[in-house]
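The lines below spell out each chain.
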Amino acid sequence: MTKTAAIIGGGVIGGGWAARFLLNGWDVRVFDPDPEAARKIDAVLANARHALPMLYDVALPAEGHLTFHTTLSETVMGADWIQESVPERLDLKHKVFQALQEHCDAAAIIGSSTSGFKPSELQDGAARPEQIVVTHPFNPVYLLPLIELVTTEKNPPALITRAKDILTSLGHFPLHVRREIDAHIADRFLEAVWREALWLVKDGIATTEEIDNAIRYGFGLRWGQMGLFETYRIAGGEAGMKHFIDQFGPCLSWPWTKLMDVPELTDELAQMIADQSDAQSGHLSIRELERKRDNNLVAMLRALRQQGNAAGRLINEHQQTIKTTLTDGPPITSARRVIPADWTDYNGHMNEGRFGQLFSDAADAVMTHVGADADYIAGGLSYFTVENTISFLAEAHAGEHIRVETRVTQGEGKKLRCFHEMKRESDGALLATSDQFMLHVDLKSRKSCDPRADVLARVVALAKQHKEA
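Residues numbered from 1 in each chain as written. Predicted model: local features only at pLDDT ≥ 70, side-chain atom pairs only at ≥ 80, totals over all residues. Heavy atoms only, no water.

(A) Here's a closer look at the overall build of the chain. Per the secondary structure count, the chain includes 16 helices and 14 strands. If one aligns the C-alpha atoms of the chain with their principal axes, the spans along those axes are about 75 × 55 × 45 Å. The burial tally for the chain puts 43% of its 469 residues in the buried class. For the chain, the accessible area works out to roughly 24,200 Å², and carbon and sulfur atoms hold 55% of it. (Helix = DSSP H or I, 4+ residues; strand = E, 2+ residues; numbered from the N terminus. Buried < 20%, exposed > 50% of the residue type's maximum accessible area, 1.4 Å probe, protein only. Areas by Shrake-Rupley, 256 points an atom, 1.4 Å probe, with all protein chains shown as cover.)

Below, the structure written as structure tokens:
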């Protein structure tokens, strides 16, 4: 059964939420009085449709249905999740919550994207305060997994668990902030770095570009895959964190930083920052910067996926929940996915090595379909490719939706042969083929052997069925 999300406020954050829900198969209703809301959300969705599917090796669920509404009542009635992303004014949020609760289901979860207000402040005066939680995301919402889920004692444990489950099902990581605090957790770090950056610019120590370079070429890379404390644990060497604190702790008393001081944002300072930022990035439009950001994030997240680490681990776990059911065909649709940016080369098209990876993934899907799955391999048996002839028929580019159709052309004894066709989803164009011959192998002896009887029976039956079709 399709679930429904109501998005209240269709700016950058609201649009990102809409994309995350929509691309995970939810129906999405949007309320925003801005006459440009549909155009703005379409722009966010274009980026999300380009980037999010690239993270996965399988196709995302069928996209939900997106609608725009002119009244709050129509938007929230019957919705399972309501996400508020209106401007950061407490009086406005209270007014919105009051209107929402007049029309929404009592069982619906109401999440607020606020970065500044505590949930107790949002719940104050609400008809059903137990419904309201903070779900603070990070831009772009459709790619970055972190959601700060901030609750109070008024939120029932069952609602908190349900909120975590829903967010996880979308590929998010709900960081449960059990004790509310101004600016939650992550923004407190960001504010500290922002204050220091403003002073460095104001005092003429560094430009905006030099500060960005210090982050992206240095500690930003470490933080992206290891965070703060694990990074410093390593810095302590074999003696670990205690040694690090003993060695570097005294410097905290030195007057290096100005964390308790905020430079006055005069017109002169604001113009200086704006001018430096224009010199740094003004040659690119916002849409070009967003696409650059998203492609970089996809490549970094996919690298972390390969290592099964940090945010990459979350994507691997989320992919396991995306159901893909194969039928006997013929043909078997053995793979369906989007070509990621890191699969392309200097010619701007998919690298030939990635065709081999794609057809290998298709063969793995066929193996799983006949019973030679992960448990079978863990038991010491598998199929090895001994010959693979690939024909490249047309170019394939990043962002294209493709599928692989497979026919089992030989299935007897130790032998399994598959003929794969890679096709573009939009027009069915044939992009490449693979004639792949595999032998069944004992993983201990590393020599060929007969498959288990039930697997062999499935292979023989498929080969017969595909030959006769």
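Right, picking up where we left off after that structure.
(B) Just the nonpolar core, in detail. Core analysis: the biggest nonpolar cluster contains 43 residues, and Phe21, Leu55, Trp81 and Leu143 have the highest contact counts within it. Those residues in contact with Leu143 that lie beyond four places of it in its chain are Arg20, Ala51, Leu52, Leu55, Asp294, Leu297, Val298 and Leu301. Among the nonpolar cores identified, the runner-up in size contains 22 residues, and Ala6, Ile8, Ile82 and Val134 belong to it. (Core = buried A, V, L, I, M, F, W, Y, C linked by side-chain atoms within 4.5 Å. Contact = heavy atoms within 4.5 Å.)

(C) Just the pairing of strand β3 (residues 66-69), in detail. Judged from the 4 bridges that link them, strand β2 (residues 27-31) and β3 form a sheet pairing that is parallel. Looking across to β3, one finds that Val30 is bridged to Phe68. In this fold, the crossover linking β2 to β3 by way of helix α2 (residues 37-51) has right-handed handedness. (Pairing = 2+ DSSP bridges. Right-handed = clockwise from strand over helix to strand, strands pointing away.)

(D) A look at the pattern of salt bridges. On inspection of all chains with the given rule, the structure shows 28 salt bridges. Ionic pairing is found between Asp182 and Lys118, a salt bridge with its closest N-O pair at 2.9 Å. With Asp182 in the loop between β8 (173-177) and α7 (186-202) and Lys118 in the loop between β5 (109-112) and α5 (119-123), this pair connects stretches of sequence that are 64 residues apart. In this structure Asp182 comes out as partly exposed when scored by relative accessible area, which is 43%. On the accessibility criterion, Lys118 (18% relative accessible area) is buried. Glu425 is the partner of Arg336 in a salt bridge, and the nearest nitrogen-oxygen pair spans 2.5 Å. Remark: Glu425 occurs in the loop between β12 (415-424) and β13 (430-442) and Arg336 occurs in strand β9 (residues 332-338); sequence separation between them is 89 residues. A relative accessible area of 38% places Arg336 in the partly exposed class. Through salt bridges with shared partners, a single ionic network connects Arg336, Arg403, Glu405, Glu421, Lys423 and Glu425. (Salt bridge = Lys/Arg side-chain N within 4 Å of Asp/Glu carboxyl O.)

(E) Broad picture of the sheet that holds strand β4 (residues 81-84). Strand order in the open sheet formed by 8 strands is β3-β2-β1-β4-β5-β6-β7-β8, with mixed pairing between adjacent strands. Two strands bound the open sheet, and with one partner strand each, they are β3 and β8. On average, adjacent strands in this sheet sit at an angle of 25 degrees to one another, irrespective of strand direction. (Axes fitted to C-alpha atoms, helices over the stretch in contact; angles between N-to-C directions.)

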